[in-house]
Amino acid sequence: IIDDKALVKFYLKKRDFPVAEGKSFLWFEKNRAYKWAIKNLGFPLVVKPRLGSMSQHVTINIKDPNSLKLAIKKAIIYSPAFIIERFLENMNVYRATVIDFDFVACLQRVPAHIIGDGVHSIEELIEVKNKDPKRGNPRQKDTTLYKLVTDETTEKLLRNKGYNLCSVPFKGEIVYLQEKIILDLGADLFEVTPKIHPDNLWLFREVAQLFNVRLVGIDFLTKDISLSWKNQPCAVIELNSLPYIDMHHFPTEGKAVNISRELVKMVFKYYR
């Protein structure tokens, strides 16, 4: 059930837990879905396969009708069922991993980016960041963090800001090089477990209880994890039945959380 994004949304709404407004459709309903989304949601939007992971065939921040049509076609290639939902702007993306309905570790996940210093070009700042020994090369197996990759998405994002790789961003300016949070493309992981508001801890544990899963990764959007979900816009986006726990052991910044230890403790508790 938890790998089915539409079912997850249905059960979360029944409990009045926060979700992004949206609806599931089948491939032959693409025209109806297109009209429904424009009429009921407006832009910006997200289109994603109803089943799937690793952001495959997901299109975010859709801002016009033609892009919406293309996004639906892209999602249908992957899955006969797809979801259209409202894109929540200016949100941070968090991954909370819950073990045995109690232990919670949480990371903020950030798309590949650089931070300007007012001196170096974007290309130079990428080179500096890629020298971090914790970052592996593309397709490397024994690493969690990867070097930043520039591609067509990077060119589009820079062009939208009037930049190119030779541009010098001002000091403190965040320049995103990718839209999706994909580790292989250089995404960052910031450990935030100590900052979680008690209400958010409660929410994560209750979500695990609702679906009766002793190991689950919860993708959660909000502006500030240190503030209660009850007092700010937020949404549980999806659940992961096989969460990538390495992230908690090797964050870009922050103290690693030994989530593997908690997982082993749970296994011995119930299965030895």
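Rules used in this analysis
- Residues numbered from 1 in each chain as written.
- Predicted model: local features only at pLDDT ≥ 70, side-chain atom pairs only at ≥ 80, totals over all residues.
- Heavy atoms only, no water.
- Pairing = 2+ DSSP bridges.
- Helix = DSSP H or I, 4+ residues; strand = E, 2+ residues; numbered from the N terminus.
- Axes fitted to C-alpha atoms, helices over the stretch in contact; angles between N-to-C directions.
- Contact = heavy atoms within 4.5 Å.
- Buried < 20%, exposed > 50% of the residue type's maximum accessible area, 1.4 Å probe, protein only.

Colleague: What exactly am I supposed to notice about the sheet that holds strand S1 (residues 22–26) here?
Modeller: Strand-to-strand pairing in sheets goes through backbone hydrogen bonds, with the strands running parallel or antiparallel. In spatial order, the strands read S1-S4-S2-S3; together these four strands make up an open sheet with antiparallel pairing. Bordering the open sheet on either side are S1 and strand S3 (59–62), each of which pairs with just one other strand. Averaged over all pairs of adjacent strands, the angle between their axes in this sheet comes to 20°, without regard to strand direction. Relative to strand S4 (residues 81–86), S1 runs antiparallel, the two sharing five bridges. Residue Gly22 lies in a different strand from S4, and its bridge partner there is Glu85. Helix-sheet contacts for helix H2 (residues 30–40) involve S1, strand S2 (45–49) and S4, and the interaxial angle to S1 is about 170°.

Colleague: Is there a simple way to think about the side chain of Thr222 in this case?
Modeller: Note on placement: Thr222 falls in strand S12 (residues 215–222). For Thr222, a relative accessible area of 0% gives the class buried. Beyond its immediate chain neighbours, meaning those up to four positions away, Thr222 contacts Met91, Asn92, Tyr94, Gln232, Pro233 and Cys234.

Colleague: It is not clear to me how the sheet that holds strand S11 (residues 188–191) should be interpreted in this structure. Could you clarify?
Modeller: Here five strands make up an open sheet; going across it, the order is S11-S6-S5-S12-S13 and the pairing antiparallel. Lying at the two open borders of the sheet, with one neighbouring strand each, are S11 and strand S13 (234–240). Across the sheet, the mean angle separating the axes of adjacent strands is 30° when strand polarity is ignored. Pairing geometry for strand S5 (residues 92–99) and strand S6 (residues 103–110), over seven bridges, is antiparallel. The residue bridging Val93 from the neighbouring strand is Arg109, located in S6. Where helix H8 (residues 259–271) meets the sheet, its contacts fall on S5, S6 and S12, and the angle it forms with S5 comes to roughly 30°.

Colleague: Explain unusual backbone geometry here, please?
Modeller: Leave glycine aside and you will find that most residues have negative phi; peptide bonds, for their part, are mostly trans. Residue Phe43 is joined to Pro44 through a cis peptide bond whose omega torsion reads 0°. Mapped onto the secondary structure, Pro44 falls in the loop between H2 and S2. Notably, Asn90 is not glycine yet its phi reads approximately 55°, a positive angle. As for its placement among the helices and strands, Asn90 is situated in the loop between S4 and S5. Classification of Asn90 by relative accessible area gives exposed; the value is 70%. Despite not being glycine, Arg139 has its phi angle at roughly 75°, a positive value. With respect to the helices, strands and loops of the structure, Arg139 is situated in the loop between strand S8 (135–136) and strand S9 (145–146).

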